[in-house]
Amino acid sequence: MVLGNYKNCVSARAADPAILSASQDGGIVTQLFAFALEEGIIDGAVVAGPGDEPYKPEPVVATTVAELMEARGTRYTICPNVSMIKEATRSYGLDKVGVVGTPCQIQAVRKAQLYPMGMRSVGDKIALAIGIFCMENFPYQGLETMVEDLCNVKMESAVKMDIGKGKFSVYTARGAVSQIPLKMTHKFEQPGCHVCLDYVANLADVSTGSVGSPDGWSTVFTRTKKGETIWGGKAIEAGYFETKPIADVKPGLDLVTKLATDKITKNQKTLDERASFGVDKGLRNPYI
Ligand SMILES: Cc1cc2nc3c(=O)[nH]c(=O)nc-3n(C[C@H](O)[C@H](O)[C@H](O)COP(=O)(O)OP(=O)(O)OC[C@H]3O[C@@H](n4cnc5c(N)ncnc54)[C@H](O)[C@@H]3O)c2cc1C
Ligand code: SF4
């Protein structure tokens with residue numbers, strides 16, 4: 001169950017080379033939202049758009065493919081996408097909202113749908129929730145220290161960052177790659193991530209990440225009926241994605257399962273320790 005409920009899992013990448021050129025992995029998020037916009041399944045999507053400082057994203061309501069393209073790539077820092085959902089249904093006037101987010105953000109979306117405190121008439125307008133896998137996130141100052149001080153790269157020179165194979169890597173426009181072992185990044189992690197028990201966005205309609213698939217490809221889970229219809233029934237049929245059965249690719253689901261298990265086991269331990277954190281008193285457990 002560490003991978004959540006899902007109907008189907010494949011390895012995939014976008015068919016459009018323009019989307020792939022600057023996407024993080026297989027361009028699943030951008031291609032699926034672009035398809036959903038063109039088909040009228042959504043009339044806009046809340047994504048992590050460019051902010052004022054390099055690699056410091058801001059949530060934006062993208063209503064064009066060009067705006068979706070500007071949000072491509074992973075920014076390893078907090079981008080409060082959920083804060084724009086209500087606005088998307090108000091000043092933007094959207095009736096069919098797409099949203100992308102980390103597992104915790106998709107949990108917030110589902111909670112807002114079930115317990116709509118301050119979110120009146122928002123829940124039924126969520127038309128497509130795409131979740132991205134997430135092991136941990138970093139406050140912006142922590143990310144800046146990792147990139148500028150430890151990797152020796154200016155934030156404005158970075159064109160891509162990724163985490164994989166035990167390393168944090170930064171790529172520059174001139175083609176240089178600077179890497180540090182992941183263990184050097186642990187002290188910069190957002191503390192709230194240490195009680196998180198979801199790796200693969202269990203509550204999304206469709207969730208995707210790099211782990212499990214080769215470079216340039218993504219692992220994609222379809223989880224809900226809606227996700228399955230939009231992905232399998234429509235986008236694949238219309239030729240928007242190339243897919244391979246997940247069983248045919250390396251390292252495949254075994255690695256996804258291992259990493260999900262590692263995350264949940266480690267963070268469950270942190271949660272358990274909070275119960276006896278003080279002398280005769282503990283810290284709050286949000287799950288009970
Ligand atoms: C903090 C973080 C940790 C991650 N950890 C893992 C991991 O451990 N294993 C793994 O397999 N994958 C992880 N990912 C997911 C992976 O890096 C890609 O985001 C995912 O595979 C989607 O790639 P794509 O090519 O389909 O997306 P693209 O088409 O490139 O689009 C990326 C989308 O992600 C959104 N986005 C970017 N940064 C953020 C952010 N900070 N918060 C919310 N939305 C954002 C953008 O709005 C954009 O729409 C992580 C992502 C983040 C943000
Ligand atoms: S580790 Fe969990 S809490 Fe932290 S950003 Fe990722 S999904 Fe959210």
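One can find the structure itself at the top, above this paragraph.
Here's what I pulled together on the structure shown here.

### With respect to the sheet that holds strand β2 (residues 44–49)
Piece 1. Taken in spatial order, the eight strands make up an open sheet running β3-β2-β4-β5-β9-β10-β1-β11, and their pairing is mixed. Among the strands making up the open sheet, the edge pair consists of β3 (58–62) and β11 (241–245). Between one strand axis and the next, the sheet turns through 30° on average, direction left out of account.
Piece 2. Here strand β5 (residues 126–132) runs beside strand β9 (residues 206–209); their pairing, made up of three bridges, is parallel. By the bridge assignment, G131 is partnered in β9 with S207.

### Focus: the nonpolar core
Buried together is how nonpolar side chains tend to be arranged in soluble globular proteins.
Piece 1. One finds L32, F33, I42, V47, L68, L128 and W231 to be the most contacted residues of the largest nonpolar core, which totals 28 residues.
Piece 2. Where this core is concerned, the elements lending two or more residues are β1 (8–14), α2 (28–39), β2, β5 and α7 (225–236).
Piece 3. Residue contributions to this core peak at eight residues, all from α2.
Piece 4. Not counting residues up to four positions away in its chain, the partners in contact with I42 are F33, A36, L37, K96, V97, G98, A127 and L128.

### Points about the environment of A127
Piece 1. Tracing the backbone shows A127 in strand β5.
Piece 2. Setting aside its immediate chain neighbours within four residues, A127 contacts I41, I42, K96, V97, D205, K226 and I230.

### What to know about the packing of aromatic side chains
By convention here, two paired aromatic rings are described through the distance between centres and the angle between planes.
Piece 1. A full pass over the atoms with the stated rule returns six aromatic pairs.
Piece 2. Seen in terms of ring centroids, F35 and Y240 are 4.7 Å apart; in terms of plane orientation they differ by 65°. Their pairing is edge-to-face. Pair noted here: F35 is in helix α2 and Y240 is in the loop between α7 and β11, with a separation of 205 residues, a long-range link. There is no split in this pair, since F35 and Y240 are both buried.
Piece 3. Seen from their ring centres, F133 and F221 are 6.0 Å apart, and the 45° between their planes marks the pair as tilted.

### A closer look at the site of ligand 1
Piece 1. In the region of ligand 1, 31 residues are neighbours, and D25, T30, A48, T74 and R75 sit closest.
Piece 2. Between an oxygen atom of ligand 1 and a side-chain N or O atom of D25, the distance comes to 2.6 Å.
Piece 3. The separation between an oxygen atom of ligand 1 and a polar main-chain atom of M135 is 3.4 Å.
Piece 4. Compared with its free state, where it exposes 910 Å², ligand 1 has 97% of that area covered by protein.
Piece 5. Counting only elements with at least two residues in the shell around ligand 1, the list comes to α2 and β2.
Piece 6. Along the lines of polarity and charge, the residues of the shell around ligand 1 split into 14 nonpolar, 13 polar and four charged.

### Examining empty space enclosed by the protein
Piece 1. Counted by the stated rule, this structure contains one cavity of 30 Å³ or more.
Piece 2. Quantified by volume, the largest cavity comes out at close to 40 Å³.
Piece 3. Taken together, I85, V109, A112, Q113, M119, V122, G123 and I126 make up the lining of the largest cavity.
Piece 4. The element that contributes the greatest number of residues to the lining of the largest cavity is helix α5 (residues 103–114), accounting for three residues.

### Quick word on the layout of surface pockets
Piece 1. Of the voids in this model, the second largest pocket is the one considered here, and its volume is about 300 Å³.
Piece 2. Along its surface, the second largest pocket is lined by 19 residues, and Y55, E70, R72, R75 and V159 are the ones closest to its centre.
Piece 3. For the lining of the second largest pocket, the element with the highest residue contribution is strand β6 (residues 158–164), accounting for three residues.
Piece 4. Grouping the constituent residues of the lining of the second largest pocket by class yields eight nonpolar, five polar and six charged.

### Some words on the environment of M146
Piece 1. As for its placement among the helices and strands, M146 is situated in helix α6 (residues 140–150).
Piece 2. Since its relative accessible area comes to 0%, M146 is described here as buried.
Piece 3. Considered as a pair, M146 and G282 are 136 residues apart in the sequence and their alpha carbons are 33 Å apart.
Piece 4. In contact with M146, other than residues within four places in its own chain, are F138, C151, F168, I180, T185 and F188.

### Focus: the pattern of salt bridges
Opposite charge on two side chains makes pairing possible when the charged atoms of those side chains draw close.
Piece 1. Taken as a whole and judged by the stated rule, the model has six salt bridges.
Piece 2. Across the salt bridge formed by R13 and E242, the nearest N and O atoms sit 2.9 Å from each other. Taken together, the residues R13 in strand β1 and E242 in strand β11 connect sequence positions 229 residues apart.
Piece 3. In this structure E242 comes out as partly exposed when scored by relative accessible area, which is 36%.
Piece 4. K269 serves as the salt-bridge partner of E273, at 3.3 Å between the closest nitrogen and oxygen. Of this pair, E273 and K269 both sit in helix α8 (residues 253–274), four residues apart, which is roughly one turn of that helix.

What counts as what
- Residues numbered from 1 in each chain as written.
- Chains lettered and ligands numbered in written order.
- Predicted model: local features only at pLDDT ≥ 70, side-chain atom pairs only at ≥ 80, totals over all residues.
- Heavy atoms only, no water.
- Pairing = 2+ DSSP bridges.
- Helix = DSSP H or I, 4+ residues; strand = E, 2+ residues; numbered from the N terminus.
- Axes fitted to C-alpha atoms, helices over the stretch in contact; angles between N-to-C directions.
- Core = buried A, V, L, I, M, F, W, Y, C linked by side-chain atoms within 4.5 Å.
- Buried < 20%, exposed > 50% of the residue type's maximum accessible area, 1.4 Å probe, protein only.
- Contact = heavy atoms within 4.5 Å.
- Phe/Tyr/Trp six-rings, centres within 6.5 Å; stacked < 30°, edge-to-face > 60°.
- Near = heavy atom within 4 Å.
- Polar contact = N/O pair within 3.5 Å; in protein donor to acceptor, adjacent residues only side chain to side chain.
- Areas by Shrake-Rupley, 256 points an atom, 1.4 Å probe, with all protein chains shown as cover.
- Nonpolar A, V, L, I, M, F, W, Y, C, P; charged D, E, K, R; others polar.
- 1 Å grid on protein atoms, 1.4 Å probe; cavity = no way out; pocket = protein on both sides within 12 Å on 5 of 7 lines; lining within 4 Å.
- Points joined across faces, edges and corners; volume = space filled by probe spheres on them.
- Salt bridge = Lys/Arg side-chain N within 4 Å of Asp/Glu carboxyl O.

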